[in-house]
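# Coordinates in review
Now for the letters of each chain:
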Amino acid sequence: MIVQAEQLLQRGPSFAGSLLPAIFAIFGQWRLTGAQQMTLLGLGNEKTLYNWKSQPEKARLTKDLLERASYILGIYKSLQILLPDQALADQWLATPNDNPLFNGTAPLDRLLAGQVMDLAVVRGFLDAERGGW
């Protein structure tokens, strides 16, 4: 992952210009608030979020952002495979889940704890459900 991240970081603005709109489209389907989007992207500044939305090619890509984006894309892909009905796939994150991993809360609550590891745990869960791990 480190070598891939370094290569992606070197691609610069053109890569940010395509990665971020894809992430924001997913966030739109998941109906996330600006604050939730900031948490998932690891941002502490609302202005940065809106700058990235309006001018994604100017975003500064970091290893942290690439890791978070990778998990978000993986979660999205796994949901599309597991729940081919788009509405169900988009609702899954907000639906309370009785799996011990989520303890009766929605998977989105786990994601919004804000740590990269939380994204990894949810992605790992979904990958295991689809037989990918």
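Here we summarise the structure given alongside this text. (Residues numbered from 1 in each chain as written. Predicted model: local features only at pLDDT ≥ 70, side-chain atom pairs only at ≥ 80, totals over all residues. Heavy atoms only, no water.)

What follows concerns the overall build of the protein. The helix and strand inventory of the protein stands at 8 helices and 0 strands. The order of α-helices and β-strands along the protein, N terminus first, is α-α-α-α-α-α-α-α. A buried classification covers 40% of the 133 residues belonging to the protein. Long-range pairs, those at least 24 residues apart, make up 59% of the contacts in the protein between residues at least 6 apart in sequence. Carbon and sulfur atoms provide 53% of the accessible area of the protein, an area that totals close to 7400 Å². (Helix = DSSP H or I, 4+ residues; strand = E, 2+ residues; numbered from the N terminus. Buried < 20%, exposed > 50% of the residue type's maximum accessible area, 1.4 Å probe, protein only. Contact = heavy atoms within 4.5 Å. Areas by Shrake-Rupley, 256 points an atom, 1.4 Å probe, with all protein chains shown as cover.)

Moving on to the pattern of salt bridges. The final tally for this structure, using the stated rule, is 4 salt bridges. A salt bridge links Arg68 to Asp64; the shortest N-O distance between them is 3.0 Å. Of this pair, Arg68 and Asp64 both sit in helix 5 (residues 63–82), 4 residues apart, which is roughly one turn of the helix. With its nearest N and O atoms 3.4 Å apart, the salt bridge here joins Arg130 to Asp127. Through salt bridges with shared partners, a single ionic network connects Arg123, Asp127 and Arg130. (Salt bridge = Lys/Arg side-chain N within 4 Å of Asp/Glu carboxyl O.)

To continue, consider the environment of Ser54. Looking at the element boundaries, Ser54 is found in helix 4 (residues 46–54). On the basis of relative accessibility, which here comes to 52%, the residue Ser54 falls in the exposed class. Placed 33 residues apart in sequence, Ser54 and Pro21 show a C-alpha to C-alpha distance of 9.4 Å.

Let us look at the packing of helix 5 against helix 8 (residues 116–129). Running from N to C, helix 5 and helix 8 point in directions that differ by 25 degrees, and their axes come no closer than 9 Å. With respect to each other, helix 5 and helix 8 are oriented roughly parallel. As helix 5 runs across helix 8, the sense of the crossing is left-handed. Residues Asp64, Glu67, Arg68, Ser70, Tyr71, Ile72, Gly74, Ile75, Ser78, Leu79 and Leu82 of helix 5 form the contact with helix 8, whose participating residues are Val116, Leu119, Ala120, Val122, Arg123, Leu126, Asp127 and Glu129. Looking at the contact of helix 5 with helix 8 residue by residue, the classes come out as 10 nonpolar, 3 polar and 6 charged. (Axes fitted to C-alpha atoms, helices over the stretch in contact; angles between N-to-C directions. Parallel < 35°, antiparallel > 145°, perpendicular 65-115°, else oblique. Left-handed = near helix turned anticlockwise from the far one by under 90°. Nonpolar A, V, L, I, M, F, W, Y, C, P; charged D, E, K, R; others polar.)

Once that is clear, we can look at the layout of surface pockets. Size it by volume and the largest pocket reaches roughly 160 Å³. Forming the walls of the largest pocket are Gln29, Trp30, Arg31, Leu32, Gln36, Ala87, Asp90, Gln91, Leu93, Ala94 and Leu108. When residues of the lining of the largest pocket are assigned to their parent elements, the largest contribution, 3 residues, is made by helix 6 (residues 86–92). (1 Å grid on protein atoms, 1.4 Å probe; cavity = no way out; pocket = protein on both sides within 12 Å on 5 of 7 lines; lining within 4 Å. Points joined across faces, edges and corners; volume = space filled by probe spheres on them.)

That's the geometry; what it means functionally is another story.
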